[in-house]
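# Survey of secondary and tertiary structure
Each chain, letter by letter, is given below.
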Amino acid sequence: MPREDLQTYQHNLHLKQQFDLLGLHLSEVFEFTPMDLDLENRRLESLLNFVKKYQQYGNRETMELLEGPYCWPPIFPGIDPDSDWYRFELWLMGQPTRKTIAEQMPETFIIKNPEEIPEDEMEAELDKLLNAVNQAGYGISLNEGIPARVVYCNVMEWIGEKLELDGPFGGGWTFDGCSGWCPGCFQRPWCEFGNSSCWREDEEAGKMCLPDELNDYVSASPQSFSIISKLQAEEDAKMEKWKQENEKKQEGPFLDHEGLRGYEDDGSLPF
């Protein structure tokens, strides 16, 4: 190992030891970059300096007063100043910075296994679940018309994921159910974009691809492929037209930083 790399590695270990001595677990608020130790060391130094300053001032208010209003913790992920400060102070106190939504729901609420809920009770149980999620400070925003059991199962999966805490009254996250991959999305039959986009999986199947969890509710006919492929082609044509028009605008007259009309090709003025 070259001497420079060895020094970088040793410095990395030294910085991490400083956090260990403080009893702080970096994995709660830090993004490691083992393939770029120079970057990781700069981030570690920034965070360590911030911790020391906070310990010197004692609280957020004093630190912002003396260091400036745009002073907030260099932690990961950076969401917004209030959220970052909240998680930073939790971290210093040795408390978790992320929890599952299920852990934050009212203790009186009993989460039921969807397999044990009869069909005629599913709507009512879904309402109870959504209300409990809302009480925990989180939101649900899905397309309309999706069968209650499908929604219940997907919300159940979501509330089991650990998410960053945003504040003392909930995480502030909203579940929209969209993964960005339509062939595997439970909302596709009830989603405008899902019904008008054509994916490689659709082409291979010769029809609109739907996840197995929807087999009891909907099925795609061979005609569905011709419909979505036509709509996708129309959307692609619109996008191409927009790109061409946008390129022409960029090639034409523009306003320079002094408010004069100029030309992008040679910089000459039209007068």
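Everything here concerns the structure above.
First, a word on what this report is: a plain description of the structure on this page. Everything numeric in this text was worked out from a predicted model, so none of it was measured.

### Remarks on helix α4 (residues 81-92)
Along its twelve residues, α4 runs 16 Å from first to last C-alpha, staying within 8% of the 16 Å computed at 1.5 Å per residue. Restricting attention to buried positions, one finds in α4 the residues Ser83, Asp84, Trp85, Arg87, Phe88, Leu90 and Trp91. Capping the start of α4 is the job of one residue whose side-chain oxygen sits 3.1 Å from the backbone nitrogen of Asp82: Asp80. One or two positions beyond α4, positive phi appears at Gly94, with a value near 75 degrees.

### What about the nonpolar core?
Counting residues in hydrophobic clusters, the biggest one holds 24 residues, and the most contacted among them are Met105, Val133, Tyr138, Trp158 and Ile159. Ranked by residue count, the leading element in this core is helix α7 (residues 148-158), at six residues. If near-sequence neighbours (up to four positions away) are discounted, Met105 is found in contact with Ile111, Leu129, Ala132, Val133, Ala136 and Ile159. Leu15, Phe19, Val29 and Trp91 belong to the second-largest nonpolar core, a separate cluster that totals 18 residues.

### Looking at the pattern of salt bridges
According to the stated counting rule, one finds 14 salt bridges in the structure shown. The salt bridge partner of Glu125 is Lys112, with a shortest N-O separation of 3.1 Å. Of this pair, Glu125 sits in helix α6 (residues 122-135) while Lys112 sits in the loop between α5 (101-104) and α6, and the two are 13 residues apart along the sequence. Each of the salt bridges in this network shares a partner with another, and the network as a whole consists of Arg60, Glu64 and Asp82.

### What to know about the packing of aromatic side chains
All chains considered together, the criterion is met by ten aromatic pairs. Summarising the aromatic geometry, the rings of Phe50 and Phe88 are spaced 5.2 Å apart at their centres and angled 85 degrees between planes, so their arrangement reads as edge-to-face. Of this pair, Phe50 sits in helix α2 (residues 37-57) while Phe88 sits in helix α4, and the two are 38 residues apart along the sequence. Each of the two residues, Phe50 as well as Phe88, counts as buried. Judged by centre distance (6.2 Å) and plane angle (85 degrees), the ring pair of Tyr138 and Trp158 falls under edge-to-face. Of the two residues, Tyr138 sits in the loop between α6 and β2 (139-140) while Trp158 sits in helix α7, which places them 20 residues apart along the sequence. Looking at Trp158, the relative accessible area reads 7%, which means it is buried. A connected cluster of aromatic rings, assembled from ring pairs, spans Phe19, Phe50, Tyr54, Trp85, Phe88 and Trp91.

Parameters and conventions
- Residues numbered from 1 in each chain as written.
- Predicted model: local features only at pLDDT ≥ 70, side-chain atom pairs only at ≥ 80, totals over all residues.
- Heavy atoms only, no water.
- Helix = DSSP H or I, 4+ residues; strand = E, 2+ residues; numbered from the N terminus.
- Expected span 1.5 Å × (residues − 1).
- Buried < 20%, exposed > 50% of the residue type's maximum accessible area, 1.4 Å probe, protein only.
- Polar contact = N/O pair within 3.5 Å; in protein donor to acceptor, adjacent residues only side chain to side chain.
- Core = buried A, V, L, I, M, F, W, Y, C linked by side-chain atoms within 4.5 Å.
- Contact = heavy atoms within 4.5 Å.
- Salt bridge = Lys/Arg side-chain N within 4 Å of Asp/Glu carboxyl O.
- Phe/Tyr/Trp six-rings, centres within 6.5 Å; stacked < 30°, edge-to-face > 60°.

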